[in-house]
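# A structural walkthrough
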Amino acid sequence: MGRSPAVVKRSPVAMGWLVSLWMFWGLFLIDAAFKMQPKINADRTSTPSLFDPTSGDTALSQLQNSTNITHVLTKITKTTAQETPRMILLRANSLPDLKLDVHTLCVCNLLVEQCDINCCCDPDCTASDVSTFTTCDVHIVTGDRELCKHEAAIYLPVASKVVTLTNPSIFCIKTNNYKKGSSFFTPELPSTDNFDRLVKQFGGFSFGTNEAPPSTSSSTSNGYQYGMPIKVNGGYLKLPAPLATSACTDNNPAAFLIDQTTHCSRRIHKPTNCTSLPALNIKNYLNFKILPSPNADWNSGIPVLLTSIILRSQKRTLIRLKDFAVNNWTPNQVVNVCRNIVLEVKYVIEYNNKGNIINATAAFVLGAIDSSMGPVQQLFQISFIQNNSVGVPLSGNPGYMVGLPLVAGFGPNATVGIIQTTDRFGQLTVMKSSSHQDCLQMEGLRTPVLFGYNLISGCLMSITNITNCRQWSRIIKNMLLGPNFPQSVASFGNTPVQNAKDWVTIKHATSIIQRCGCELVESLVLEVKWTKYGSLINPQAKIVEVTLTFEETCILKPLKTATTLHISTSVKFTDVSASAQPGYKSKPKLDAKLPYDFFFPFV
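The notes below deal with the structure included here.

Reading the values: the criteria
Residues numbered from 1 in each chain as written. Predicted model: local features only at pLDDT ≥ 70, side-chain atom pairs only at ≥ 80, totals over all residues. Heavy atoms only, no water. Helix = DSSP H or I, 4+ residues; strand = E, 2+ residues; numbered from the N terminus. Buried < 20%, exposed > 50% of the residue type's maximum accessible area, 1.4 Å probe, protein only. Contact = heavy atoms within 4.5 Å. Pairing = 2+ DSSP bridges. Axes fitted to C-alpha atoms, helices over the stretch in contact; angles between N-to-C directions. Disulfide = S-S within 2.5 Å. Core = buried A, V, L, I, M, F, W, Y, C linked by side-chain atoms within 4.5 Å. Expected span 1.5 Å × (residues − 1). Phe/Tyr/Trp six-rings, centres within 6.5 Å; stacked < 30°, edge-to-face > 60°. Lys NZ or Arg CZ within 6 Å of the ring centre and 35° of its normal. Polar contact = N/O pair within 3.5 Å; in protein donor to acceptor, adjacent residues only side chain to side chain.

Our next topic: the overall build of the chain. Tallying secondary structure elements over the chain gives 8 helices and 27 strands in all. Here the chain holds 603 residues, and 32% of them are scored as buried. A sequence separation of at least 24 residues applies to 61% of the contacts in the chain between residues at least 6 apart.

See below:
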């Protein structure tokens, strides 16, 4: 007979111990899992964490009831950073929020988690620390000053507060609708998609982009626009300029209508480099053609015309050359001296009203250098002028500026208004002093009248009996007035000649001390009265009156010996501005009507 399988019977007591063992092991794993999680404790001595759901109300009430919000926020930030470092790490491809308030900005806070001396806005400084400060390095921190109303944090050793300031300017921004326009461009953050491109662009010593300048649209095909790079055959017109150091870099593009002047240096390591270095050769700055417009054909390029070559010696003397053959002025070396080295390059670009370049010229200064002199200093300049236009410089816009010549002319004329000379420094002149002090030798020597500049000049004249009194008076007057003394002066620095009413007529007067048989002019006094016109914030200088006074003296004739007269000229500017008067609103008028029986029964 077969043996039946054995049956093992477990007692109820053994089963109970087994279940208890499994339950104990499960509880142990759960407790270990909880212990591995970051634990944040909150008690009366520590600041509640913002990440603890049970302490959120306590932290909120503490923030609302605290007198120093900055201290509480700083403590919360420190506690969170120490206990849960992984919870505050920034996510990849993101930037922190740069929206800051004036009471959170503190430029003098330079020590980490330490109180900076005399830094009243440092959140690490307690009230006892601030009480020991003698002054505050940062007294006030303001917001956007262009707003009509902006906040400002005022810091004092005794107290600090946030106030609202009002912009006193008549032009201010009431509401800033475009917040991004008040900050710098947000940089592109590296990610797995753009990392290689950013390394290629910013990985070198000097960073830039290899992309070509943006192509012009169809609307700009007729000519260049302001700031566009100027095209030449083979690339763009380059103007050498310094970068991080004074050394020249040849990749600086020349922009349309932007005048530039740069100074940089080039180091010559070997004497033979002066003949082989292209940057020192005059041909390097002429061997290209400028395209008249951005989309012009390459065959329509405009050559650069050579207009001037000046040779400078080692003793700094200058010689203007008449030979413009470029091949005759290439660099050459004699012993240790390199000759015909390019020291200065000046381009002049002429354009029309459509933005097309029609002409280009270049002027050079070539020099000789010693190989032991060190780096070669070079100057590069580019300027733009419009075709068939003559620029008229102004003496102010609109009010006169100190140091600029007075605008004067003849008239007013009924047909053309005011007639002016083209020489702005010769429109109103007075006699100029010289070293020899002889009036007859100084005739024709003049100096312009500059706004705001008082001056005195004079000379000596010998009077004899040979010439009569009337002739002497005419000679002295002509010498004081000059050949073309004007009749009117512009009230503003930009007054057009057509507006005859905006021109001030020069008044003439004569001052006689004593009358006698021979009265000669001894001095000329030109007094210019001006006033401040416009708003108090930006007043403009306006001329209101010009008076020319001749002061005469008495000469007794016949003269026994030659008499010497001191002839003088003086210019005086007088400010006749009236002080601003405060304006007040008129008092309200009482317009009350009483009922007809108001005084009944007395009336």
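Ordered in space as β18-β17-β22-β23, the 4 strands form an open sheet in which the pairing is antiparallel. Pairing within the sheet leaves two strands with one partner each, and these edge strands are β18 (417-419) and β23 (503-505). Neighbour-to-neighbour, the strand axes of this sheet turn through a mean angle of 45 degrees, independent of strand direction. By the bridge criterion, 2 bridges tie strand β17 (residues 408-413) to strand β22 (residues 488-490) in an arrangement that is antiparallel.

This part is about the pairing of strand β8 (residues 260-266). Among the 7 residues of β8, 5 are classified as buried, and the element is accordingly described as predominantly covered. Across 7 bridges, the pairing between β8 and strand β16 (residues 376-386) is antiparallel. Of the residues in β16, the one forming a bridge with Q260 is I382.

What links the strands of a sheet is backbone hydrogen bonding, and the strands pair in either a parallel or an antiparallel sense. If you walk across this open sheet you meet the 3 strands as β1-β2-β3, and the pairing is antiparallel. The open sheet terminates on both sides in strands that have one partner only, identified here as β1 (140-142) and β3 (160-166). Geometrically, the sheet is characterised by an average inter-axis angle of 25 degrees between neighbouring strands, direction not taken into account. With 7 bridges joining them, strand β2 (residues 149-155) and β3 adopt antiparallel strand pairing. Bridge pairing links A152 to V163 in β3.

Bringing the state of the cysteines into the picture now. Applying the stated criterion across every chain, the model contains 9 disulfides. Each sulfur in the disulfide pair C106 and C121 lies 2.2 Å from the other. Between C106 and C121, the S-S dihedral sits near 75 degrees, and the bridge is therefore right-handed. A residue pair is termed long-range when its members are at least 10 positions apart, and C106 in the loop between α3 (69-83) and α4 (127-131) and C121 in the loop between α3 and α4 qualify at 15 residues. There is a disulfide in this structure between C469 and C518, and the S-S distance comes to 2.1 Å. One quick way to see it: the torsion about the S-S bond of C469 and C518 is about 95 degrees, and its sign makes the bridge right-handed. Placement of C469 in helix α8 (residues 469-481) and of C518 in strand β25 (residues 518-533) is noted, with a sequence separation of 49 residues between them. This pair shows no difference in class: C469 is buried, exactly as C518 is.

Another aspect to go through is the environment of G143. Mapped onto the fold, G143 is located in the loop between β1 and β2. G143 sits 41 residues away from V102 along the chain, and the two C-alpha atoms are 6.3 Å apart. The residues touching G143, leaving out its near neighbours within four places in the chain, are V102, H150 and E151.

This part takes up the pairing of strand β15 (residues 357-370). Sheet analysis places strand β11 (residues 305-312) next to β15, joined by 7 bridges and oriented parallel. By the bridge assignment for β15, L305 is matched with T361. Connecting strand β14 (residues 337-351) to the next strand, β15, in antiparallel fashion are 5 residues, including G355 with a positive phi near 85 degrees.

Once that is clear, we can look at the nonpolar core. Grouped together as the largest cluster of nonpolar side chains are 44 residues, with contacts concentrated most on Y400, L406, V489, I543 and I567. Broken down by secondary-structure element, the contributors of at least two residues to this core are β19 (429-431), α7 (439-442), β21 (455-463), α8, β22, β25, β26 (540-555) and β27 (563-575). Residues contacting V489, with those up to four places away along its chain left out, are Y400, L406, V407, A408, L428, W503, V504, I506, I543 and V546. One finds L237, L321, W329 and I382 within the second-largest nonpolar core, a separate group that totals 36 residues.

An ideal rise of 1.5 Å per residue puts 18 Å on 13 residues; α8 measures up with 18 Å between its terminal C-alpha atoms. Listed as buried for α8 are C469, W472, S473, I476, M479, L480 and L481. Note on α8: the residue one or two positions beyond its end, G482, has a positive phi of about 85 degrees.

Applying the stated criterion across every chain, the model contains 10 aromatic pairs. Centre to centre, the rings of Y400 and F451 are 5.2 Å apart; their planes meet at 15 degrees, and the pair counts as stacked. With Y400 in the loop between β16 and β17 and F451 in the loop between β20 (446-448) and β21, the pair connects residues that are 51 residues apart, well separated along the chain. Just as Y400 is buried, F451 falls in that class too. Considering the side-chain rings of F451 and W530, the 5.6 Å spacing of their centres and the 70 degrees angle between planes classify their relative orientation as edge-to-face. One end of the pair, F451, is in the loop between β20 and β21; the other, W530, is in strand β25, and 79 residues separate them in sequence. Each of the two residues, F451 as well as W530, counts as buried. Aromatic ring contacts, followed pair by pair, group Y224, F256, Y351 and F384 into a single cluster. The residue whose ring lies beneath K477 is F550, and the NZ or CZ to ring-centre distance is 5.1 Å. Over the ring of Y533 we find K542, and its NZ or CZ is 5.2 Å from the ring centre.

Our focus in this paragraph is unusual backbone geometry. Here the bond from N397 into P398 is cis, since omega is 0 degrees, no more than 30 degrees from zero. Of note, the bond from G411 into P412 is cis; its omega dihedral lies within 30 degrees of zero at 15 degrees. For N118, which is not glycine, the phi dihedral falls at a positive 60 degrees. With respect to the helices, strands and loops of the structure, N118 is situated in the loop between α3 and α4. N118 sits in the buried class, given a relative accessible area of 16%. Phi is positive for L257, close to 70 degrees, though the residue is something other than glycine. Among the structural elements, L257 can be located in the loop between β7 (248-249) and β8.

A separate point is the side chain of S395. Note that S395 resides in the loop between β16 and β17. For S395, a relative accessible area of 2% gives the class buried. Within the structure, S395 has its side chain in polar contact with the side chain of R424 (distance 3.5 Å).

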